[in-house]
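One-letter residues, chain by chain:
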Protein chains: 2
Amino acid sequence: MRQATAADPIAILSGSGGLPPVVARAAAAAGHRPVVIAIEGEADPAAFGAARVHSLRFGEIGRLFRTLAEEGCRRAVFIGGIARRPDIAALAPDLGALKLLPRVLSLLHGGDDRLLAGVAAIFEERGIRLVSPIENAPDLALAAGVATRRKPTPQDMEDAEAALAAARAIGALDIGQAAVAVEGRVVALEAAEGTDGMIARIAELRDKRRIPKAGGVLAKCMKPRQDPRLDLPTIGPATARNIKAAGLAGIAAEAGRTLVAGRAETIGALDAAGLFLLGVKP
Amino acid sequence: MRQATAADPIAILSGSGGLPPVVARAAAAAGHRPVVIAIEGEADPAAFGAARVHSLRFGEIGRLFRTLAEEGCRRAVFIGGIARRPDIAALAPDLGALKLLPRVLSLLHGGDDRLLAGVAAIFEERGIRLVSPIENAPDLALAAGVATRRKPTPQDMEDAEAALAAARAIGALDIGQAAVAVEGRVVALEAAEGTDGMIARIAELRDKRRIPKAGGVLAKCMKPRQDPRLDLPTIGPATARNIKAAGLAGIAAEAGRTLVAGRAETIGALDAAGLFLLGVKP
C-alpha cells in the first residue's frame, strides 16, 4: 500500500466560517495539495484563493467519494461549522447517499459526537483517513500560556476555572463545548445554539440586569470523549468581536487542542479589543 | 417556647410570577394567616386579594424583621422569582441591612444555592423558621405519573430522560434547574437566563433549523444539593403557554418537589394546548 507523503493531495471538507480557508492555506504552506470540498450553503467557494474547489450539496455522497477518488485524496480534514442540521427533505440524495441513508438517519438522531464519529467511520471504510487539522498544520493549535498583551486577573482566573469546569461537565454529556462565568458564577451554557449564540445571550442578560454589567470569561474545551480529528474548539477574529460585544474580559481554552483561526488576525483582534486569551493544560 | 399552630401568621416573602398569590391563598385555605411581604419591582401587591400585604424594597432588611416581629410571624415561605440580581448601588440599605451588608455581598458572589442558603440562615438566627411552600400546602406539589390527558410517547420518554439527566448535571454544579431535549438530543441548558428565557430560545433554534421543527421535552428538577424550602422548580399556566409556543410536547419534572402554580389553571392550560405533564420519581 502506497504511503501518503507531503506531496499527496489532502481533501479539506469545508463547512462555514473563516477556518476552512485558513486550514487550506496552512496545508498548502506545509507542502500538501489542498482539494477543497465546499459544502453548499455553508462554505464560500470564493474564499479559497488558488486552491482547487469542488462545491457539493449535502446529499451528494456518491459524488463526494467519486471526486475524492479522482483527485487521489487518501486523507481528509473536516473543518468549519455546519450551522444547519440537514433537513432530510432537502437532502436530494444521490445513489451513494441512498445506500447510506439508513445509517445517516440513525446518526442524525443523536449528539454531535455520534454524528461526526459515524461520518468518520464511513470515510475510513472507503480508504480515506481522517486527520486532525492540527496534525496537518501544528501552528493552528493554541499554545499554553497567555497569548495576548492583556493578562488575566485573579478574578478572571476564578471565572476561567468555573467556566472550564462547566464546559467539561456539559461536554461529558455530549451537549456543548463552551460556558461563560462572571464573578465566579456560571451564567451561560452552550447547547444547540452554538458558541456565538451563547455569547450573544450575555449582552441580553446584562441589559436585563440578570448578571453584572461587565467582566467574565468564555471557556471552550474539547468534549472529553470527542475524537480530536473532528469538531475541535476554535477561536478566531469573530470570537474576539463577539466576546468584546458581550463585555467579557477574555477566553480560556485548552492548549494543543483548540484551533486558532489565523494566529495573527486572531491575536491582533484580541489585542485591539483589550482582551486576553489563555491556553490552559487540558 | 410557644409552638406554631395552624392559626399562626405565616410570612409569604414574595418575588415575581403567579406563584406567590397561589401560595398565599393555599396558606389561608389551610387555616394559616398569610402575611405577604411583596418585594418591590418583583411582586404585584394587588394580586393577593384580601391578604395583608407589606411592600418592601430589597435593601430594607431592618424594616423586614421589624414587620415580621410586629405581625408575630415565626415561620416564613420564600416564593416567586427574583428576576434581577440586586444592584448594590440601588439597594438603599437601611440600618439592619448595613449590619448584614458584608455578609450579603459575600453571598451575592456565588450561585443561587449559596445566596438563598445564606439568606435562610439570616432568618433562622432571628427566630424565623423557613418552611417549604409544599410543607405548608401539600396540594401544591406535583404528583407522580401523568397529570394531563395527553400521555408521553416513547420518543417523549427518551427526551424526558435525556433532559432530566442534563438538568441534574447542571444542577449538581449549582448552575440551573432545567434542560430541553428534542429527538433524544439535549438542545438547551438553563443558566442565568432562567427557564422562560431558555424556552424562548427553542423557537429561535427551530427558525434557524438548528433543531427539528417540532417535539421535545422540558425537564425541570431540583438541584441535588438544594435546600427544598428554597427555590423549588415550579410549573404554571405561563409554562404551558411558553412550551406550546416553543413547539415542545410536554414537561417532565420531579414528583413531590415541584410546585404546580394553581393545579386547575395549570393542568387546564396544558390540556387546552395538548401538552403532557409527567411527574417522575426523584
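One structure accompanies this document, and this report is about it. (Residues numbered from 1 in each chain as written. Chains lettered and ligands numbered in written order. Predicted model: local features only at pLDDT ≥ 70, side-chain atom pairs only at ≥ 80, totals over all residues. Heavy atoms only, no water.)

What to know about the overall build of chain A
Threshold: Under the DSSP-based scheme used, a helix requires at least four consecutive residues in state H or I and a strand at least two consecutive residues in state E, with every element numbered from the N terminus. Partly exposed residues are those whose accessible area sits between 20% and 50% of the maximum for their type, while under 20% is buried and over 50% is exposed, using a 1.4 Å probe and protein chains only. The accessible surface values rely on the Shrake-Rupley method and a 1.4 Å probe; as for residues, cover is taken only from the protein chains in view.
The secondary structure content of chain A amounts to nine helices and 13 strands. Taken across its 282 residues, chain A has 54% of its residues classed as buried. About 11,700 Å² of surface is accessible on chain A, with carbon and sulfur atoms providing 56% of the total.

Considerations on the environment of Cys221 of chain B
How we decide: In this analysis, two residues are considered to be in contact whenever any of their non-hydrogen atoms come within 4.5 Å of each other.
Looking at the element boundaries, Cys221 of chain B is found in the loop between strand 9 (217–220) and strand 10 (234–235). In this view, Cys221 of chain B contacts Leu164, Ala167, Arg168, Gln177, Pro233 and Glu254 of chain B; residues no more than four positions away in its chain are not counted.

A few points about the environment of Pro228 of chain B
Residue and element names in this part refer to chain B. With respect to the helices and strands, Pro228 occurs in the loop between strand 9 and strand 10. You can call Pro228 partly exposed: its relative accessible area is 42%. Along the sequence, Pro228 and Val182 sit 46 residues apart, while their C-alpha atoms lie 29 Å from each other. The residues touching Pro228, leaving out its near neighbours within four places in the chain, are Ser132 and Met222.

Topic: the sheet that holds strand 3 (residues 52–56) of chain B
All names here are of chain B. Cut-off, in case you're wondering: Note on pairing: DSSP must find at least two bridges between two strands before they are called paired.
Sheet architecture is open: five strands sit in the order 3-2-1-4-5, paired in parallel fashion. Sheet topology places strand 3 and strand 5 (129–130) at the edges, where each strand pairs with a single neighbour. In this sheet, strand 4 (residues 75–79) lies alongside strand 1 (residues 9–14) in parallel orientation, the contact comprising four bridges. Note that in strand 4 the partner of Ser14 across the bridge is Ile79.

Quick look at the packing of helix 8 (residues 237–245) of chain B against helix 9 (residues 263–273) of chain B
All names here are of chain B. Rules: Between the N-to-C directions of two axes lies an angle of 0 to 180 degrees, each axis being a line fitted to C-alpha atoms and, for a helix, fitted only over the stretch in contact. For classification purposes, an angle smaller than 35 degrees is called roughly parallel, one larger than 145 roughly antiparallel, one from 65 to 115 roughly perpendicular, and anything else oblique. For any helix crossing, the convention is left-handed if the near helix is rotated counterclockwise from the far helix by under a right angle, and right-handed if that rotation is clockwise. Residues are grouped as follows: Ala, Val, Leu, Ile, Met, Phe, Trp, Tyr, Cys and Pro are nonpolar; Asp, Glu, Lys and Arg are charged; all remaining types, including Gly, are polar.
Interaxial distance between helix 8 and helix 9 falls to 7 Å at its minimum, and their mutual angle equals 20°. On the basis of their axis angle, the class for helix 8 and helix 9 is roughly parallel. In the crossing of helix 8 with helix 9, the sense of the turn from one axis to the other is right-handed. In this structure, helix 8 uses Pro237, Ala240, Ile243 and Lys244 to contact helix 9, whose residues at the interface are Glu265, Thr266, Ala269, Leu270 and Ala273. Here the residues of the contact of helix 8 with helix 9 sort into six nonpolar, one polar and two charged.

Structural notes on the sheet that holds strand 9 of chain B
Residue and element names in this part refer to chain B. One open sheet holds the six strands; their spatial order is 6-13-11-9-7-8, and the pairing between them is mixed. The strands lining the two open edges of the sheet, one partner per strand, are strand 6 (145–146) and strand 8 (185–189). In the sheet, strand 11 (residues 250–254) pairs with strand 13 (residues 276–280) via five bridges, with the strands oriented parallel. By the bridge assignment, Ile251 is partnered in strand 13 with Leu277.

Considerations on the packing of aromatic side chains
Residues and elements named next belong to chain A. How we decide: In this analysis, rings of Phe, Tyr and Trp, with Trp reduced to its six-membered ring, are considered paired at centre separations within 6.5 Å, and the interplanar angle assigns stacked below 30 degrees, edge-to-face beyond 60, and tilted for intermediate values. In this analysis the charged atom, NZ for Lys or CZ for Arg, is taken to sit over a ring once it is within 6 Å of the ring centre and within 35 degrees of the ring normal.
For the structure shown, the criterion picks out four aromatic pairs over all chains. Ring centres 5.2 Å apart and planes at 80° place the aromatic pair Phe78 and Phe123 in the edge-to-face group. Residue Phe78 is located in strand 4 (residues 75–79), and its partner Phe123 is located in helix 4 (residues 112–125); the two are separated by 45 residues in the primary sequence. Each member of the pair Phe78 and Phe123 is classed as buried. Here the aromatic cluster, defined as three or more aromatic residues joined through ring pairs, consists of Phe65, Phe78 and Phe123. Taking the ring centre of Phe65 as reference, the NZ or CZ of Arg126 above it sits at 5.1 Å.

Examining the pairing of strand 4 of chain A
Working note: regular strand, side chains alternate between the two faces of the sheet. Residue and element names in this part refer to chain A. Among the five residues that make up strand 4, five are buried, leaving the element largely enclosed by the rest of the structure. Here strand 4 shows no split at all, with Arg75, Val77 and Ile79 on one side and Ala76 and Phe78 on the other all buried. Where strand 1 (residues 9–14) lies against strand 4, five bridges are found, and the strand directions are parallel. Paired with Leu13 across the strands is Phe78, a residue of strand 4. Note that strand 4 and strand 5 (residues 129–130) share two bridges and pair parallel. Residue pairing in the sheet places Arg75 in a bridge with Arg129 of strand 5.

What to know about helix 9 (residues 263–273) of chain A
Among all positions in helix 9 of chain A, only Thr266, Ile267, Leu270, Asp271 and Ala273 of chain A are buried. Gly274 of chain A sits one or two positions beyond helix 9 of chain A and adopts a positive phi of about 75°.

Thoughts on a negative patch on the surface
We apply this condition: Only residues whose relative accessible area exceeds 30% and that form no salt bridge enter a patch; like-charged residues are grouped when within 9 Å of one another, and nonpolar side chains (Val, Leu, Ile, Met, Phe, Trp, Tyr) when within 5 Å. Salt bridges are defined by distance alone: a side-chain nitrogen of Lys or Arg within 4 Å of a carboxyl oxygen of Asp or Glu. Charge counting follows a simple rule: Lys and Arg are positive, Asp and Glu are negative, and His as well as the terminal groups are ignored. Throughout, a charge is located at the NZ atom of Lys, the CZ atom of Arg, the CG atom of Asp or the CD atom of Glu.
On the surface, Glu204 and Asp207 of chain A together with Glu204 and Asp207 of chain B cluster together into a negatively charged patch. Here Glu204 of chain A shows up in helix 7 (residues 194–207). On the basis of relative accessibility, which here comes to 45%, the residue Glu204 of chain A falls in the partly exposed class.

Side note on unusual backbone geometry
Positioned with a positive phi, Glu183 of chain A is a non-glycine residue whose angle comes to about 50°. Structurally, Glu183 of chain A can be placed in the loop between strand 7 (178–182) and strand 8 (185–189). Glu183 of chain A sits in the partly exposed class, given a relative accessible area of 37%. A positive phi angle, near 60°, is found at Asp174 of chain B, a position not held by glycine. Take Asp174 of chain B: it is sitting in the loop between helix 6 (154–172) and strand 7 (178–182). Residue Asp174 of chain B is classed as buried on the basis of its relative accessible area of 15%.

Re helix 6 (residues 154–172) of chain A
All names here are of chain A. Put simply, the rule reads: What a helix is expected to span follows from its residue count: subtract one and scale by 1.5 Å.
In this model helix 6 runs 27 Å from its N-terminal to its C-terminal C-alpha over 19 residues, within 8% of the 27 Å that 1.5 Å per residue would give. The set of residues buried in helix 6 consists of Asp156, Asp159, Ala160, Ala162, Ala163, Leu164, Ala166, Ala167, Ile170 and Gly171. Asp174 sits one or two residues past helix 6 and shows a positive phi near 60°.

Here's the deal with the nonpolar core
Worth spelling out the cut-off: The definition of a nonpolar core used throughout is a set of buried Ala, Val, Leu, Ile, Met, Phe, Trp, Tyr and Cys residues joined through side-chain atoms within 4.5 Å.
Ranked by internal contacts, the top residues of the largest apolar core, which has 42 residues, are Ile175, Val186 and Leu189 of chain A together with Ile175, Val186 and Leu189 of chain B. Excluding residues that lie within four positions of it along the chain, Ile175 of chain A makes contacts with Ile170, Glu190 and Ala191 of chain A together with Ala166, Val186 and Leu189 of chain B.

Remarks on the pattern of salt bridges
For the structure shown, the criterion picks out 20 salt bridges over all chains. Across the pair Arg126 of chain B and Glu125 of chain B runs a salt bridge, and its minimum N-O distance is 3.7 Å. A residue is classified by how much of its surface remains accessible, and Glu125 of chain B, at 52% relative accessible area, is exposed. A single network of salt bridges, built from pairs that share partners, joins Glu193 and Arg201 of chain A together with Glu193 and Arg201 of chain B.

A short note on the environment of Pro212 of chain B
Residues and elements named next belong to chain B. Relative to the helices and strands, Pro212 resides in the loop between helix 7 (194–207) and strand 9. For the pair formed by Pro212 and Ala24, sequence separation is 188 residues and the distance between their alpha carbons is 41 Å. Not counting chain neighbours up to four residues away, the residues in contact with Pro212 comprise Val182, Glu183 and Arg206.

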